[in-house]
Number of protein chains: 2
Amino acid sequence: MTDHLSTTLSALADPTRRGILARLSLGEATVSELAEPYDMSMAAVSKHLKVLEKAGLISRGKEAQWRPCRLEAAPMAEVADWVENYRRFWDESLDRLGDYLAELQKGDPGGSRN
Amino acid sequence: MTDHLSTTLSALADPTRRGILARLSLGEATVSELAEPYDMSMAAVSKHLKVLEKAGLISRGKEAQWRPCRLEAAPMAEVADWVENYRRFWDESLDRLGDYLAELQKGDPGGSRN
DNA sequence: CAAGTTGATAACTTATTGGTTGAATACTCC
DNA sequence: GGAGTATTCAACCAATAAGTTATCAACTTG
C-alpha cells in the first residue's frame, strides 16, 4: 500500500477523518476543536490527524501550545482524476453502450478472453 | 465503517483492486483472467473480488464453471460527488482565495474559532 | 463415471487499524 | 517557578485485513 493514491484513499475511508476534513474546509482549527464533535479521546483524534497528515491532506502549524490544522486538498485531485476515468461507466446514457458492448462480447466468447 | 462511502473508498484503497477494476473497464473477465497479472493465489484474488462485490463495484454472473465479473461503477459516482466538494481547495486560482481567507482569519483570531 | 478446470471456503498467520489509558512535553499566565 | 492547558507519545488491546495452504463444490468432457 505504498502508492500515493492508496494512501490517500485509505485516509479518506473513515467517516471521522472525512468529518475532520469537512470541518477544516471551513477554516483552520486546533486539535481540541476538531475533537469536540467526536466521542473519543484526544489521542485518538491525534492519530487520525497523523494519518491525514501522512497522506498530505492536512498541514499543521505551531502557534503557542496549539497546533492548528489546515486543509491541503491537493491529494484529492489525484482521486478526482482517477475516478473520472470511470465516469462513462456510471453515466446513464453510456450504460446503454456498455450493455451493447457486453452483448457483442457474449456473441464472440473467447474473442476477448485470450 | 458501516457507511457506504467508507466501504467504497476502502475497497478502492488497494492497488490490486484498482487494477482489477481497470481490467474490468475493458470488459467482463473471469476470476482466473483477473488473477493472472498478480503474483498471488487465486484465493487471495477471490477475496479481493468479494470486497469489490460487497462495495457494489462489481457484479458476477454464472456461466458454466466460470463466474464472470463485470464492472459496476455506480458507487464511484458517490466518490466523485464527494471529492468535487473540495475541488475549489486544490484549484490553483482559488488557492489565492484560500490564502486570502486564511489571512482574514489571522487578522481576526477567534472570530471563526468560537 | 473419472479426470481436469474453475472458483469458493475454511483455518491459520501476520500486520495494521482504531481505540484506550497514563505519562511526557510544550507553552502561557499568575 | 508552579499550575493549568494543549497535544503527543508509549504501551496495550480487540478487531480487521491480506495473504497463505488445503479442501471442497460445480461443472465439462473424454
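Model, not experiment: these values are computed from the prediction.

Caption draft 1: Expanded view of the relation of the copies chain A and chain B. Expressed as a screw operation, the relation of chain A to chain B combines 0.0 Å of axial shift with a rotation of 180 degrees, fitting to an RMSD of 0.0 Å. With respect to symmetry, the two chain copies, as superposed, fit the operation of a two-fold axis.

Caption draft 2: Highlighting the protein's contact with DNA strand D. Among the 21 residues in the neighbourhood of DNA strand D, the closest are listed as A:Ser32, A:Ser46, B:Ser41, B:Lys47 and B:His48. Sugar and phosphate atoms form 74% of the subset of DNA strand D atoms that lie within 4 Å of the protein. The contact in question runs from a phosphate oxygen of DNA strand D to an N or O atom on the side chain of B:Arg17, over 3.3 Å. Within the side chain of B:His48, an N or O atom sits 2.3 Å from a phosphate oxygen of DNA strand D.

Caption draft 3: Layout of the protein's contact with DNA strand C. Every one of the 22 residues lining DNA strand C counts as a neighbour, but A:Ser41, A:Lys47, A:His48, B:Ser32 and B:Ser46 are closest to it. A breakdown of the atoms of DNA strand C within 4 Å of the protein gives sugar and phosphate a share of 73%. For DNA strand C, a phosphate oxygen lies 3.4 Å from a polar atom in the side chain of B:Lys50. Contributing elements (two or more residues each) for the surface near DNA strand C: α4 (42-54) of chain A together with α3 (31-35) and α4 (42-54) of chain B. Looking at which element gives the most residues to the surface near DNA strand C, the answer is α4(B), with five residues.

Caption draft 4: Summary view of helix α2 (residues 15-24) of chain B. Within α2(B) the residues assigned to the buried category are B:Thr16, B:Arg17, B:Arg18, B:Ile20, B:Leu21 and B:Leu24. A distance of 2.8 Å separates the backbone nitrogen of B:Thr16 from a side-chain oxygen at the start of α2(B), and that oxygen is part of B:Asp14.

Caption draft 5: Examining the pattern of salt bridges more closely. Tallied over the entire structure, the rule returns eight salt bridges over all chains. Its salt-bridge partner being A:Arg70, residue A:Glu28 comes within 3.5 Å of it at the nearest N-O pair. A residue pair is termed long-range when its members are at least 10 positions apart, and A:Glu28 in the loop between α2 (15-24) and α3 (31-35) and A:Arg70 in strand β2 (residues 69-71) qualify at 42 residues. The exposure class of A:Glu28 is partly exposed, given its relative accessible area of 23%. Note that B:Arg87 and B:Glu84 form a salt bridge whose closest N and O atoms lie 2.6 Å from each other.

About the cut-offs
- Residue numbers restart at each chain and count upward from 1, following the sequence in its written direction.
- For naming, the first written chain is A and the first written ligand is 1, with later ones following in the order written.
- Only residues with pLDDT of 70 or above have their local features reported here, since the model is predicted, and side-chain atom pairs are shown and tallied only from 80 upward, although totals for entire chains, interfaces and linings are computed over all residues.
- The basis for every side-chain value is the complete set of non-hydrogen atoms in the structure, without hydrogens or water.
- For the least-squares superposition of copies, only C-alpha atoms count, and only for residues with pLDDT at least 70 in both.
- Residue proximity to a molecule or strand is established when one non-hydrogen atom of the residue lies within 4 Å of it.
- For this analysis, a polar contact is any N or O atom pair within 3.5 Å, provided that within protein one partner can donate a hydrogen and the other can accept it, and provided that sequence-adjacent residues contribute only side-chain to side-chain pairs.
- Think of it this way: any DSSP run of H or I at least four residues long counts as a helix, any run of E at least two long counts as a strand, and we number them from the N terminus.
- Each residue's exposure class comes from its accessible area (1.4 Å probe, protein chains only) as a fraction of the maximum for that residue type: buried when under 20%, exposed when over 50%, partly exposed otherwise.
- Salt bridge, as used here: a side-chain nitrogen of Lys or Arg that lies within 4 Å of a carboxyl oxygen of Asp or Glu.

Keep in mind these values describe shape, not function.
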